[in-house]
Every structure is written in C-alpha cells, then in structure tokens.
Amino acid sequence: MPADTPGIHHVTAIASDPRENHEFYTETLGLRLVKQSVNQDDVSVYHLFYADHEGAPGTSMTFFPYTDARPGQVGAGQASAVSFLVPAGSIDYWRKRLEDAGVDLEKPRERFGDTVLSFVDPDGLPLELVAREDAPSPNLPESPVPHAHAIRGFFGVTLSLTSGDATGELLKEMGYRQTDRDGSRYRYEADGDLGYVVDVREDPQAPRGIPGAGTVHHVAFRVTRHDQPDWRQLLMDRGLRPTGIIDRKWFESVYAREHGGILFEFATAEPGYTVDEELDELGERLVLTEWLEDRREEIEAGLPALSP
C-alpha cells in the first residue's frame with residue numbers, strides 16, 4: 001500500500017476572463033500568481049496558478065480561463081465548493097473586504113464547530129473561508145491582505161454526489177478518516193496541516209453538474225514520487241482507469257475519475273514551481289515547458305493580456 005496522502009495538492013477550475021480572474025485572486029483574495037503558463041492540453045488557454053509565496057503544495061488554486069467559456073452548473077459529480085483556511089477572528093475582516101469589493105456572499109454560519117463564510121468568484125465558483133484556531137502562519141509577505149487575516153492555503157473541498165459510499169471508501173484508502181456527519185454531509189480528514197478536509201454531500205436527486213466557467217475541473221492530492229506508481233496500481237485495482245504518469249514540469253501527475261465521476265489527480269510535490277523560475281520572480285512572465293518553447297511566438301500571440 002502507498003503512504004497516505006496528507007491532503008490536497010492543488011485545485012483546478014474553469015474561468016472565463018483571465019484578467020478578471022487574475023485581479024480577483026491576487027487583489028481581492030491576496031494570493032500570489034506563482035506560475036503563468038498555458039494549458040498543456042490546449043495551449044490557446046492560460047494556466048494560472050495562485051498560491052502562497054512559494055507555491056507550496058496545499059496552497060495552489062489554478063485556473064484554465066477560456067475567454068469564450070459558457071457558465072457551468074455546479075451539481076452532482078463535481079467538487080461543489082473550495083474552502084480556504086484563515087485564522088480564527090478573521091471572518092469579520094473578510095466579510096467587510098468582500099462586501100466592499102462587491103462580492104456576492106452569504107452570512108457567516110457554523111459548520112462542525114467552525115465559522116464559515118461562503119461567497120463566489122467572478123464566474124460564480126463557490127468558495128468558502130473557514131476560520132480555525134490552528135491555522136498555520138501565513139507565507140504571503142507582499143499580499144494586499146494583512147498577515148493577521150491572510151489566507152493560509154486550502155482547508156478542503158466539498159464533493160457533491162448522488163451516492164457517496166464508494167467515494168468514501170476510496171478516501172479512506174487514501175488516508176482520510178470519517179470524523180463527523182451532519183445529515184447528508186460526511187466529513188473526512190487526513191493528517192496534513194493544509195487541505196486536509198474533504199466533505200462529501202449526498203443528494204440522490206441532485207442534478208448532474210455541467211462543466212463550464214465557475215466549476216471545478218479536478219482536485220489534486222499530494223503524493224510522493226516513490227509512491228505514485230503504487231497509487232496508480234491501487235486505482236486500477238479498484239476498477240478505475242488512471243492515466244499513466246504525466247510530466248507536468250512542476251509536478252508529476254496521475255489522473256482518474258473516481259466512482260462518482262469527479263476527476264482526481266495524484267500529484268507530486270517535486271520538483272515545484274521554482275524549477276524554472278527564481279522564487280522572487282515567480283509568475284512575472286509566461287513560462288513554457290521545454291517541449292512548448294519553440295512555439296512561444298505563436299502561443300503568446302494567441303493569449304490576452306493579464307493586466308491593462
């Protein structure tokens with residue numbers, strides 16, 4: 001058996017306007033653009049990575065912003081909410097900050113003993129801030145958000161499913177344990193300090209989600225290079241159809257749709273975002289993998305500017 005995953009590596013979603021997406025995640029949420037690249041499967045589209053200062057696993061929210069993307073519909077078979085971790089006592093600050101920015105948000109509420117603030121990004125992607133006493137120290141030295149309130153990384157994700165039994169069993173094999181339940185919401189927790197929570201929400205009548213702007217494309221979990229082949233074998237043994245190990249330059253990946261149809265990725269921490277850029281220069285220019293570099297002129301010509 002491979003070693004347990006400590007939690008989420010990154011979450012990738014679909015957006016529309018790349019400039020609006022960039023402004024929201026860097027200026028409103030205060031994250032750092034740590035990698036500006038392209039979708040390796042469709043180089044006409046950016047792949048934008050927002051994270052802490054170093055782009056550490058467990059902090060990286062990434063996007064494919066298709067300028068002509070139609071709005072999606074969040075529903076069953078999708079990750080239906082992405083939760084970020086903030087320190088206890090920060091919800092009032094964030095409520096005012098988001099209201100001042102014109103963000104559509106709900107009133108704070110309690111969930112499993114934590115205060116949760118739900119809102120949406122410019123494309124309607126459901127997001128949450130979860131306030132916890134045990135939030136680690138921030139690593140966003142140049143964020144427009146004060147350190148006392150800055151996002152620390154992921155808290156977790158919510159998976160919406162018509163039936164969660166098979167997904168719950170897979171999560172347990174990944175090292176998650178069920179720690180709580182509230183009606184149709186089941187909580188699973190891993191042993192990491194970021195991105196360690198997965199909530200499974202069951203609704204047999206829920207309409208199927210439709211991919212598009214404002215929906216999650218996939219959820220990636222942290223694994224090691226040593227264990228990645230074993231993870232691939234475990235997925236095959238469970239009747240899933242994983243890809244081979246794919247070199248994404250900054251990490252290596254295996255993808256598989258779990259039993260409820262949600263795309264899971266098993267991604268390595270190594271080599272990280274500084275493999276092709278200096279730490280202080282992350283995200284400042286368009287970075288292409290060596291197998292795309294000879295197409296730079298063509299690729300750059302097809303991409304819109306991220307800033308005015």
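- In the annotation of an unreviewed UniProt entry, the protein chain is listed under the name Glyoxalase/bleomycin resistance protein/dioxygenase and assigned to Natronorubrum tibetense GA33.

## A look at the overall build of the protein chain
Here is step 1 of the chain: Looking only at helices and strands, one finds five helices and 16 strands in the protein chain.
Here is step 2 of the chain: Here the protein chain has a C-alpha radius of gyration of 18 Å; the compact-globule value for 308 residues is 19 Å, and the two agree.
Here is step 3 of the chain: Each principal axis of the C-alpha atoms in the protein chain carries an extent, and together these give about 50 × 45 × 35 Å.
Here is step 4 of the chain: Within the protein chain, the proportion of its 308 residues that are buried is 56%.
Here is step 5 of the chain: Put simply, of all contacts in the protein chain between residues at least 6 apart along the chain, 67% involve residues at least 24 apart.
Here is step 6 of the chain: Accessible area of the protein chain: about 13200 Å², with a carbon and sulfur share of 45%.

## Comments concerning the packing of aromatic side chains
Here is step 1 of the chain: With the rule as written, the count across this model stands at 13 aromatic pairs.
Here is step 2 of the chain: Measuring from ring centre to ring centre gives 4.7 Å for Tyr25 and Phe63, while their planes differ by 45°; the resulting arrangement is tilted. Here Tyr25, found in helix 1 (residues 18-28), pairs with Phe63, found in strand 4 (residues 60-65); they are 38 residues apart in sequence, far enough to count as distant. Comparing Tyr25 with Phe63, the two get one shared label, buried.
Here is step 3 of the chain: Both rings, one in Tyr176 and one in Phe221, keep their centres 6.1 Å apart while their planes meet at 80°; by these two values the pair is edge-to-face. Here Tyr176 is found in the loop between helix 3 (165-173) and strand 10 (177-182), whereas its partner Phe221 is found in strand 13 (residues 216-223), with 45 residues between them in sequence.

## Observations regarding the environment of Val145
Here is step 1 of the chain: Structurally, the position occupied by Val145 is in the loop between strand 8 (126-132) and strand 9 (153-161).
Here is step 2 of the chain: Taking the C-alpha atoms as reference points, Val145 and Asp230, 85 residues apart in sequence, are found 41 Å from one another.
Here is step 3 of the chain: Beyond its immediate chain neighbours, meaning those up to four positions away, Val145 contacts Thr28, Leu29, Gly30, Tyr93, Trp94, Arg97 and Ala150.

## Quick notes on the sheet that holds strand 10
Here is step 1 of the chain: If you walk across this open sheet you meet the eight strands as 6-7-8-5-9-12-11-10, and the pairing is mixed. Of all the strands in the sheet, just strand 6 (109-111) and strand 10 have a single pairing partner and so form its edges. Recorded for the sheet is a direction-independent mean angle of 30° between the axes of neighbouring strands.
Here is step 2 of the chain: Sheet analysis places strand 9 next to strand 12 (residues 197-202), joined by six bridges and oriented parallel. Paired with Leu159 across the strands is Val200, a residue of strand 12.
Here is step 3 of the chain: Packing of helix 2 (residues 91-100) onto the sheet brings it into contact with strand 5 (78-87), strand 7 (114-120) and strand 8, and relative to strand 7 it is tilted by some 10°.

## Examining the environment of Phe251
Here is step 1 of the chain: With respect to the helices, strands and loops of the structure, Phe251 is situated in the loop between strand 14 (246-247) and strand 15 (252-257).
Here is step 2 of the chain: Accessibility expressed as a relative area gives 4% for Phe251, which makes it buried.
Here is step 3 of the chain: Separated by 15 residues in the primary sequence, Phe251 and Phe266 place their C-alpha atoms 9.8 Å from one another.
Here is step 4 of the chain: Excluding anything up to four places from it in sequence, Phe251 contacts His9, His10, Phe49, Ile246, Glu265, Ala267, Thr268, Glu270, Pro271 and Tyr273.

## Let's talk about the UniProt feature "domain: VOC" (unreviewed entry) in the protein chain
Here is step 1 of the chain: Under the present numbering, the feature "domain: VOC" (unreviewed entry) in UniProt falls on residues 7-132 and 153-269.
Here is step 2 of the chain: Helix makes up 16% of residues 153-269 and strand 41%, and the two end C-alpha atoms of the span are 15 Å apart.

## Some points on the pairing of strand 13
Here is step 1 of the chain: Counting buried residues along strand 13, seven of its eight residues qualify, which places the element largely inside the surrounding structure.
Here is step 2 of the chain: Summarising the sheet, strand 1 (residues 8-15) and strand 13 pair through five bridges and their orientation is antiparallel. Bridge pairing links Ile8 to Phe221 in strand 13.
Here is step 3 of the chain: As paired elements, strand 13 and strand 16 (residues 263-268) share five bridges and run parallel to each other.

Conventions and cut-offs
Residues numbered from 1 in each chain as written. Predicted model: local features only at pLDDT ≥ 70, side-chain atom pairs only at ≥ 80, totals over all residues. Heavy atoms only, no water. Helix = DSSP H or I, 4+ residues; strand = E, 2+ residues; numbered from the N terminus. Rg over C-alpha atoms; globule rule 2.2 N^0.38 Å. Buried < 20%, exposed > 50% of the residue type's maximum accessible area, 1.4 Å probe, protein only. Contact = heavy atoms within 4.5 Å. Areas by Shrake-Rupley, 256 points an atom, 1.4 Å probe, with all protein chains shown as cover. Phe/Tyr/Trp six-rings, centres within 6.5 Å; stacked < 30°, edge-to-face > 60°. Pairing = 2+ DSSP bridges. Axes fitted to C-alpha atoms, helices over the stretch in contact; angles between N-to-C directions. UniProt positions renumbered as here; feature names shortened; annotations may be inferred.

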